[in-house]
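# Residue-level structure breakdown
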Amino acid sequence: MCLLAAGVFACCAPPPAALDLCPPAPAPVGELRLTARCASAYHPPAPEGTRGPRMPTQAIADLEKRGEWGEAAAALLLHEDPGQAELRLNNLTGSAGRDGRDSDLAAVAFAQGRLAEALELLDAVLERRPDHPQALWNRGVVLAHLEPELPLLAAESFERVARLGETGWSEAARARAQELRERSRARQAAWTKARDAMQAFMSDPRTPLPVEVIAPFPGKARESFYEALRSAQDRQGALALLPLAEALDHDSGGTILHGRVLAVAGADFARRGALARQYAQLLEGKHLDPARLVGELRKSGERDLLLGALLHAPAVERQVAEQEALARELGDPWLSLDAEIDLARLDLEKGRYLSGAERLDHALEQCTKRQLPYQCLRIHRELSSGAIETNQVEVAEARAREQAGGAHRLGEWEQETAGLKALAQALRFQARPVLARAVLGEILARAPRDGKTCSYVHRNLAVLFLRNLRHDGARKEMDLALGCGQPIYLVGASVLAELARVHPGPSDAADIDRALKDEGLRDKSPGRNNLALAHLGRFKLISDPAGGQGLLWKAIADSEPLMGTDTASRDAWSQSFQDLALDAARRLEAPAALELMARRLQVAVPERCALMVVVDGERTAVVTRGVDGGTKGSYDVSRRSPLVGSLEGLVGPEALARLDGCARVDVLTTSPLDTRSGLLPPRMAWTYRGGAALVHGPPAPPLHVVIADVEAPASLHLIRLRPWSAPPGETPKRLVGHEATPENVLAAMAGATAIDIHAHGIVDRRLSGATAIALAPGKGGGYALTAEMIRTRARLKGAPVVSLAACGAAWRPAFAHETDSLPQAFITAGARAVLAATVDVPDSGGAFFSRVSGRIQAGEEPAVALRDERERWLRERPDKIWVKDVLLYE
């Protein structure tokens, strides 16, 4: 019998066959905790391979008849049918049971391998109800199973469950937390003991060197071995390294380190001893004149010391040929990789990203071939850093995961932490806050008393809160970062510049000034200097408008020569124009705001029928120029959550009314708005304007290029699209099947006046930040046509109209860096107009794109052609609503 008492619905007894409904399941599903009554009691997971009772289909059907969807879902999940469980949970509506439903949906997502989605659901539940027992438990399970795993953060979640005092669950949670902490503590302790032993020996060579402690970490041990050998100040100090050299040689196979010890032990220490003492000072950061030491070493003939000094004195001018020659002379593949990594890092710092990446790719091949996995970890870290600088944030994520995962397998604690930091950066730049926060939390838990880690974590958490317009959280994290007693650098400066507008602090001016000075001491990169100018200009706009504007214009001028090669300068240039436009809108100087955005997009200022929209944080600026050329604007600071999905409603009725009567509207805006649909209603003819103002020569002879019937890799599991049919009377140049490789497509497009691409659009973060087009594999197996390839390698001399009949071709996620979508890349490369959709395009959709393209080729205004064809399709095919999401770029 069930009773309703004090507003709580309670059953005195479980439903019949409750244990059969929710049996203990094997891991990993059996590790989960569900909110259903039948799963309320704690049961350890069943042993692996256990087969549970047959699914009680009738009992589940009875539950569904009574509307007990949560109970039915739990039974289905624990009987290993997560898909059906998800369907039942989606029947639960209303806010009353939202937390339980979302916690259970997270369990389903985990069971299906969607761990990041599970974490997002659980964090949302815990934000609404921090003590939700099932969500806390499941969060611990998810964090422990992530790749890379986050055991200390998982332990914290289980400890919170333990404090709730639930019978069975609290004891189990306490045990799991203890196991996770002990395992992590043991790994850290073993690595730290080895590191400390090497450091003690380097400080005093008379200290016994416990090879058995150091040898389990051959990567860190070998790195330390070279430093100890260089620092040895007499023959005895060098020979003391023989046992370690032999152990490491045995691990890698060969005698190269044994030979290095004997070579150094045979040196003339009357001369080398003093240089080795200076080298030890350089290693400790205590040498007063590294450049003088490098000069002395160049004359001394001590080539191994010279290479080491060059690696540890980045401010000293280096010569590529000298460093490469040193590595060759020493004949040690480890040292050769040291030199390559250092030269690649120098390339990246100087903005020579292509050269740096090529060096690192070659080094990665060598470290794999030579079986030097520790060096591979370092290379993955540099590749991740370089990918961030060039907006390849998905590549950055993949490289960071390689480093963190590889380091975990090798037991290299320090390298694992470095990999987690790189991963947090890649996730932050992709605007994936939940996973980024989790990784940052694990980093802090690994070194809770380290000031540098404290500052790093809290300033990055501040960025994540700021991106989500949670200004109180950002302020709190920034204050914590400042309290760590360490520099906050450029990231901290950018946060303070933003907070000064919405949540200022009393010492912000001094803190941002100090941050930019620290950045200048650390990083001499011109691009980052330009970003520093842009951040300071944004900050000063509030208290000193004229001074702020001056700094922003200087950032633009200094960035302009570097736009083609330097991502940081491109970001500074774009951000500065956007800040100036927003400032003009704030001062109700609408014509100036419109002109600034036109300059930012490198297009002529429209004399009439134009719309400018800028959204940045809580600010929205809208400027309209009507048929009569009259210009009006609005400025609003009421936004409290980031824009997502369609932009419908962003431009208000008054602004829309001012555009009535326009034959077409030029829209001037920046990413991510220019990759979203709905900004203006379908009844209007409008186009996104952008791209460099390229000057084309005489009209090119008509050449229609079609890419269709593509043989994409079978591993992508893409359905074969319908064969493309040419309009009557046309004989286009076609690239089909295996011919449609990225290389062939780029070559064929060069002289085209019309380009139709009828292929699958794919979203693969390893390939591109934007949607990429799946083509046939070409050289090296590459099959994707990406925005980055089009922007850097395509030259469209025929000023073509490009139709991208590929799913989501206009789409691009919001990144912290300025980057391209596919249409923007085509415009930059020289296209006259580009048609692309933000959603999936059905197989039959190619006909729509062909019709619009044909109308444009026949002389119709592109925006009018799109509007009229869209209205015709919606009249004749009302179900084809996807045509509303086809955008035009000119």
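Throughout what follows, the structure given in this document is the object of discussion.

Conventions we followed
- Residues numbered from 1 in each chain as written.
- Predicted model: local features only at pLDDT ≥ 70, side-chain atom pairs only at ≥ 80, totals over all residues.
- Heavy atoms only, no water.
- Helix = DSSP H or I, 4+ residues; strand = E, 2+ residues; numbered from the N terminus.
- Rg over C-alpha atoms; globule rule 2.2 N^0.38 Å.
- Buried < 20%, exposed > 50% of the residue type's maximum accessible area, 1.4 Å probe, protein only.
- Contact = heavy atoms within 4.5 Å.
- Areas by Shrake-Rupley, 256 points an atom, 1.4 Å probe, with all protein chains shown as cover.
- Axes fitted to C-alpha atoms, helices over the stretch in contact; angles between N-to-C directions.
- Parallel < 35°, antiparallel > 145°, perpendicular 65-115°, else oblique.
- Left-handed = near helix turned anticlockwise from the far one by under 90°.
- Polar contact = N/O pair within 3.5 Å; in protein donor to acceptor, adjacent residues only side chain to side chain.
- Phe/Tyr/Trp six-rings, centres within 6.5 Å; stacked < 30°, edge-to-face > 60°.
- Salt bridge = Lys/Arg side-chain N within 4 Å of Asp/Glu carboxyl O.
- Disulfide = S-S within 2.5 Å.
- Nonpolar A, V, L, I, M, F, W, Y, C, P; charged D, E, K, R; others polar.
- Arc of directions from axis to C-beta.
- Pairing = 2+ DSSP bridges.

### Quick notes on the overall build of the protein
Tallying secondary structure elements over the protein gives 38 helices and 16 strands in all. By the compact-globule yardstick of 29 Å for 890 residues, the protein fits well, its C-alpha radius of gyration being 31 Å. In terms of overall dimensions, the protein has a C-alpha envelope of 90 × 85 × 60 Å along the principal axes. Relative to its 890 residues, the protein shows a buried fraction of 54%. Across the protein, contacts joining residues at least 24 apart in sequence account for 64% of those joining residues at least 6 apart. Surface accessibility of the protein: about 38,600 Å² in total, with carbon and sulfur atoms responsible for 53%.

### Observations concerning the packing of helix α27 (residues 489–502) against helix α29 (residues 526–543)
Angle between the axes and distance between the axes are the two parameters that describe a pair of packed helices. Look at α27 against α29: their axes get within 8 Å of each other, and the N-to-C directions meet at 20°. With respect to each other, α27 and α29 are oriented roughly parallel. Viewed along their axes, α27 and α29 form a crossing whose handedness is left-handed. When α27 is examined against α29, the residues L490, S494, L496, A497, E498, A500 and R501 are found in contact with a partner set consisting of R528, L531, A532, H535, R538, F539 and I542.

### A few points about the environment of F225
Turning to its location among the elements, F225 is positioned in helix α11 (residues 218–231). With 32 residues separating them in the primary sequence, F225 and L257 have C-alpha atoms 8.9 Å apart. Residues in contact with F225, not counting those within four places in the same chain, are M198, L241, L244, A245, L248, L257 and V261.

### Some remarks on the side chain of Q824
Within the element layout of this structure, Q824 appears in helix α36 (residues 822–829). The class of Q824 is buried, set by a relative accessible area of 15%. Engagement of the side chain of Q824 in a polar contact is seen with the side chain of D674, the distance being 2.4 Å.

### A look at the packing of aromatic side chains
Taken as a whole and assessed by the stated rule, the structure comprises 16 aromatic pairs. Seen from their ring centres, W137 and F158 are 5.1 Å apart, and the 80° between their planes marks the pair as edge-to-face. Linking W137 in helix α7 (residues 133–145) with F158 in helix α8 (residues 151–162), this pair joins segments that are 21 residues apart in sequence. With respect to class, W137 is no different from F158; both count as buried. On the basis of an interplanar angle of 80° and a centroid distance of 5.2 Å, the ring pair of F848 and W873 is categorised as edge-to-face. Taken together, the positions of F848 in helix α37 (residues 846–857) and W873 in helix α38 (residues 862–876) put the pair 25 residues apart, joining distant regions of the chain.

### Thoughts on the pattern of salt bridges
Under the criterion given, the structure shown has 76 salt bridges. D579 is paired through a salt bridge with R619; the nearest N and O atoms lie 3.5 Å apart. Within this pair, whereas D579 is found in helix α31 (residues 567–586), its partner R619 is found in strand β4 (residues 619–625), the two being separated by 40 residues in sequence. Here D583 makes a salt bridge to R587, at a shortest N to O gap of 3.0 Å. The exposure class assigned to D583 is buried, which follows from its relative accessible area of 4%. Residues joined by salt bridges that share partners form a network here, namely R851, R855, E860, R867, D868, E869, R872, E876 and R877.

### Overview of the state of the cysteines
Throughout the structure, instances matching the rule amount to four disulfides. At a sulfur-sulfur separation of 1.9 Å, the disulfide partner of C22 is C38. Of this pair, C22 sits in the loop between α1 (18–21) and α2 (57–65) while C38 sits in the loop between α1 and α2; the two residues are 16 residues apart in sequence, bridging distant segments of the chain. Each sulfur in the disulfide pair C609 and C662 lies 2.2 Å from the other. Because the sign of the S-S torsion sets the handedness, a value of about -95° for the bond joining C609 and C662 places this disulfide among the left-handed ones. Of this pair, C609 sits in the loop between α32 (590–601) and β3 (610–616) while C662 sits in the loop between α33 (653–659) and β6 (665–668), and the two are 53 residues apart along the sequence. Under the relative-accessibility criterion, C609 is labelled buried at 8%. In the protein, the bonded cysteines, numbered by position in the sequence, are linked as 1-2, 3-4, 5-6, 7-8.

### Focus on the packing of helix α19 (residues 333–349) against helix α20 (residues 353–369)
Axis separation between α19 and α20 bottoms out at 7 Å; the angle between their running directions is 160°. Relative to α20, α19 is oriented roughly antiparallel. Remark: the crossing between α19 and α20 carries left-handed chirality. The residues of α20 that touch α19, namely those facing L337, E340, I341, L343, A344, D347 and L348, are Y353, S355, G356, R359, L360, H362, A363, Q366 and C367. Its residues assigned to classes, the contact of α19 with α20 shows nine nonpolar, four polar and three charged.

### Some thoughts on α2
All of the buried residues along α2 are I60, L63 and E64. The buried side chains of α2 occupy one side of the element, clustering within an arc of 100° when seen end-on. Exposed residues on α2 whose side chains face more than 90 degrees from its buried face are Q58 and K65. G67 occupies a position one or two residues after α2 and carries a positive phi of about 75°.

### Some words on the pairing of β4
It is a general feature of regular strands that their side chains alternate between the two faces of the sheet. Among the seven residues that make up β4, seven are buried, leaving the element largely enclosed by the rest of the structure. Burial along β4 is two-sided: the face carrying R619, A621, V623 and R625 and the face carrying T620, V622 and T624 are both buried. Where β3 and β4 come together, seven bridges link them in antiparallel fashion. Bridge pairing in β4 places L611 opposite T624.

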